[in-house]
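# Reading the structure
Below, each chain spelled out in residue letters.
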Amino acid sequence: MGLVHGYDICLRPRNVARALAGLAELAPPGRAVPPLEVGLPGGDRLVLPFTSRSRSEPVDCATSDTLELDLSLMFDADDTLRDYAHRNGLVLGADGRVRIGYVYATIRFESLLDPDYASVECWAATSEMSRLFARSAGIRKVFTDLAADSGGVCCLFDTGDGAPEQVCWLKGESAEETFIPPG
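Keep in mind that what you see is a predicted model, and the values were worked out from it rather than measured.

Parameters at a glance
Residues numbered from 1 in each chain as written. Predicted model: local features only at pLDDT ≥ 70, side-chain atom pairs only at ≥ 80, totals over all residues. Heavy atoms only, no water. Helix = DSSP H or I, 4+ residues; strand = E, 2+ residues; numbered from the N terminus. Rg over C-alpha atoms; globule rule 2.2 N^0.38 Å. Buried < 20%, exposed > 50% of the residue type's maximum accessible area, 1.4 Å probe, protein only. Contact = heavy atoms within 4.5 Å. Areas by Shrake-Rupley, 256 points an atom, 1.4 Å probe, with all protein chains shown as cover. Lys, Arg positive; Asp, Glu negative; His and termini not counted. Charge placed at Lys NZ, Arg CZ, Asp CG, Glu CD. Arc of directions from axis to C-beta. Axes fitted to C-alpha atoms, helices over the stretch in contact; angles between N-to-C directions. Parallel < 35°, antiparallel > 145°, perpendicular 65-115°, else oblique. Left-handed = near helix turned anticlockwise from the far one by under 90°. Nonpolar A, V, L, I, M, F, W, Y, C, P; charged D, E, K, R; others polar. Pairing = 2+ DSSP bridges. Salt bridge = Lys/Arg side-chain N within 4 Å of Asp/Glu carboxyl O. Core = buried A, V, L, I, M, F, W, Y, C linked by side-chain atoms within 4.5 Å.

### Focus: the overall build of the protein
Tallying secondary structure elements over the protein gives four helices and ten strands in all. Whereas a compact globule of 183 residues would reach a radius of gyration of roughly 16 Å, the protein reaches 16 Å, a difference of no more than 12%. On the principal axes, the C-alpha backbone points of the protein span a range of 45 × 40 × 30 Å. Every one of the 183 residues in the protein was classed for burial, and the buried ones make up 46%. Looking at the protein alone, contacts between residues at least 24 apart form 56% of all its contacts between residues at least 6 apart. If you sum the accessible surface of the protein, you get close to 9200 Å²; carbon and sulfur atoms cover 50% of it. The positive charge centre, built from 17 side chains, and the negative charge centre, built from 27, are 3 Å apart in the protein.

### With respect to helix α2 (residues 79–87)
One turn of an α-helix holds 3.6 residues; hence residues three or four places apart share an orientation. Among all positions of α2, only L81, Y84 and A85 are buried. Buried residues along α2 cover an arc of 100 degrees about the axis, so they all sit on one side. Counted as exposed and oriented over 90 degrees from the buried face of α2: D79 and H86. Buried residues along α2 sit against β5 (66–76), β6 (97–108), α3 (127–135) and α4 (137–149).

### Quick word on α3
Every buried residue belonging to α3 is among M129, S130, L132 and F133, and all of these are buried. Looking down the long axis of α3, one finds its buried residues gathered within 160 degrees of arc, a one-sided arrangement. Contacts from the buried residues of α3 go to β1 (6–11), α2, β6, β7 (118–124), α4 and β8 (152–158).

### Brief notes about the packing of α2 against α3
A pair of packed helices is captured by two measures, namely the crossing angle of their axes and the spacing between those axes. Running from N to C, α2 and α3 cross one another at 160 degrees; their axes reach a closest spacing of 10 Å. One way to sum up the angle between α2 and α3 is to call them roughly antiparallel. Relative to α3, α2 is oriented so that their crossing is right-handed. Contacts from T80, L81, Y84 and R87 of α2 reach α3 at E128, M129, L132 and R135. Looking at side-chain class alone, the contact of α2 with α3 contains four nonpolar, one polar and three charged residues.

### Concerning the sheet that holds strand β2 (residues 36–39)
Strand order in the open sheet formed by three strands is β3-β2-β4, and the pairing between neighbours is mixed. This sheet does not close on itself; its edge strands, each paired only once, are β3 (45–48) and β4 (59–60).

### So, the pattern of salt bridges
Evaluated as defined, the whole model comprises seven salt bridges. A network of salt bridges, in which partner residues are shared, links D83, R87 and E128.

### Examining the nonpolar core
Counting 49 residues, the largest nonpolar core has L20, L23 and I100 as its most contacted members. For L20, the contacting residues outside a window of four places in its chain are L40, L46, L48, L67, L69 and I107.

### With respect to the environment of L48
Among the secondary structure elements, L48 is positioned in strand β3. On the basis of relative accessibility, which here comes to 2%, the residue L48 falls in the buried class. A C-alpha to C-alpha distance of 7.7 Å links L48 and A21, two positions 27 residues apart in sequence.

Quick look at the structure:
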């Protein structure tokens, strides 16, 4: 299957709507997909500029453990992202941001790490994007900022291979620690 790198944000369930709204702010302007209506456990309702499993039909998560989203996000271009954009024929926007391709998200309303928390797991769609996720400080900053802005308690970088995850943000501070998930 290739490399599957991603960022996992752990947060209280009440903050999931705030995290999803933060992801929506990263969507490219004028994206040509119908809006996705999402109902979250607890009653929050959002309209997002994404799809769920490549569809835009309304999703009600009142009785669901997870929400799957197909994201299109814009990232501030650091040197690594500029090089990636150049190699792949991607255009930098006037605002200095670039869309790198699909990012898949799984929102778990009960985190695998702790059932009192939820998680927002954002995965690169390709091996090349996974390598970009590992190298780009700009991409890391987007996800650590999202953790901070949405009331998260930590942001982990996950290589998806069962190896220990890297803690890159913990309770308001940048971190460089290894985390071994229970189990």
